[in-house]
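Examining the three-dimensional arrangement
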Amino acid sequence: MPEDVDNAQEDNTQMKLISKRTKERMKKAKKKLENEAFYYDPTISYDDDPRVSIGLLNVECEYCQALKFKDEPNGICYGNGKIKLPLLNNPIEPLLSYLAGTSNESKHFLNNIRKYNSSFNMTSFGADRKKEPGYQTTFKIQGQVYHRIGSLLPLDGKSSYLQIYFIGDNEIQSKQRCDVIPNVNANIIESIQHILHEHNELIKIFKSALENMPTDECKIVLKADKIPTGEHERCFNLPTINEVAAVMNGNEFKKRDIILQKRSNEYMRVQETHKSYDALQYPLMFWRGEDDKKVSAMDFYAYRIMIRKFPENFLLRYNQLFNQFIVDMYAKIENERLRFIRFNQSKLKVDQYIHLKDAFENDGDLEDIGQKYI
């Protein structure tokens, strides 16, 4: 009997040792995989590794037909029934063929798609991009993201961004784009330029407003309101000329409106909450100039970037431009969260965070602290 007890204790000790070693191995293996995605090596196959295997993308949402992995929550794609967005306009030819990646021309387009978008975007993209050696599969930034827009016409005759759209001759216009952004295909530039002039509603609005400006002192206002006065709430609609106003005198605009002068050397920052924020910066993705939707940024983009069998989500075809778009929109979501915290301090009852307040008062140098937000 004592011998059986000793054996049982010995077996229990061995099991504990084995369990301990297993946990240590798993801990080391997990640590080894940390940040592995940021140093992706295409020669390594992770398909059979149970630690990273998440199954097939074959679970279809019954509400919005988004494809998900089996362990993803139900409400991630449609906001628990709150979100139902209209379909985006599918790209037309030849943009559709350029996104296919089946010809040498389309492969060149996809490999340089951020350059082509930069040839046509109407706002500048500002951020400190983190560049690392080796093959780059991710788009990484640090600090704040911001978009800026200039005047409709240049002061010195050198057009850039939005100003290029108002060069009268199409051939000179495409040549200017090729000069500003090197190593792009002139034929691709001309064909996309034609699409945007024919179909992008924002460009039509700017051209019409510019033609009808009575004096150089007038300003063009692209309103930020998500719901126009006296109208019902819209869903990702195309903008109309009624949403642009030429202002002679005074400040008849809101803080978030985009104010464009005819000629100026100043750049205005575009608020990320403006409904045309995406369309101005990503004209290849939103080639019709579609407006935003009045839902939270997180709900909007969670719905918009999901994979669906039908119809195809063409945003996912934009390769590196899509990566930049995701980083840009994630920064928008974070800003929205911070803005909510900042302007809802009373609702969050921050005055009740006594211990945190004590830390501010007793441990911190109040001279180095601005407005306190919790």
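Our structure is the block above this text.
Now for a quick tour of the structure. Everything numeric in this text was worked out from a predicted model, so none of it was measured. (Residues numbered from 1 in each chain as written. Predicted model: local features only at pLDDT ≥ 70, side-chain atom pairs only at ≥ 80, totals over all residues. Heavy atoms only, no water.)

For the rest of this paragraph, the subject is the overall build of the protein. Along its length, the protein carries 11 helices and eight strands. When the 374 residues of the protein are sorted by exposure, 36% land in the buried category. Carbon and sulfur atoms make up 51% of the accessible area of the protein, which totals about 23200 Å². (Helix = DSSP H or I, 4+ residues; strand = E, 2+ residues; numbered from the N terminus. Buried < 20%, exposed > 50% of the residue type's maximum accessible area, 1.4 Å probe, protein only. Areas by Shrake-Rupley, 256 points an atom, 1.4 Å probe, with all protein chains shown as cover.)

Another aspect to go through is the state of the cysteines. Applying the stated criterion across every chain yields a total of zero disulfides. Distance from the sulfur of Cys64, which forms no disulfide, to the nearest cysteine sulfur (Cys77) is 3.4 Å. Among the residues examined, Cys64 registers a relative accessible area of 4% and is labelled buried. (Disulfide = S-S within 2.5 Å.)

Below, the discussion takes up the side chain of Gln193. Its location among the elements puts Gln193 in helix H6 (residues 186-199). A polar atom in the side chain of Gln193 sits 3.1 Å from the side chain of Arg177. Beyond its immediate sequence surroundings of up to four residues, Gln193 is in contact with Phe120, Asn170, Gln173, Ser174 and Arg177. (Polar contact = N/O pair within 3.5 Å; in protein donor to acceptor, adjacent residues only side chain to side chain. Contact = heavy atoms within 4.5 Å.)

Attention now moves to the nonpolar core. Counting residues in hydrophobic clusters, the biggest one holds 62 residues, and the most contacted among them are Phe109, Leu152, Leu162, Phe206, Leu284, Met285 and Tyr318. Leave out the neighbours within four places in its chain, and Phe206 touches Met122, Leu152, Leu162, Phe166, Leu222, Leu260 and Leu280. (Core = buried A, V, L, I, M, F, W, Y, C linked by side-chain atoms within 4.5 Å.)

This next bit is on helix H10 (residues 319-343). With 25 residues, H10 should cover 36 Å at 1.5 Å per step; its first-to-last C-alpha distance of 37 Å lies within 8% of that length. For H10, the set of buried residues is Leu321, Phe322, Gln324, Phe325, Val327, Asp328, Met329, Ala331, Lys332 and Ile333. (Expected span 1.5 Å × (residues − 1).)

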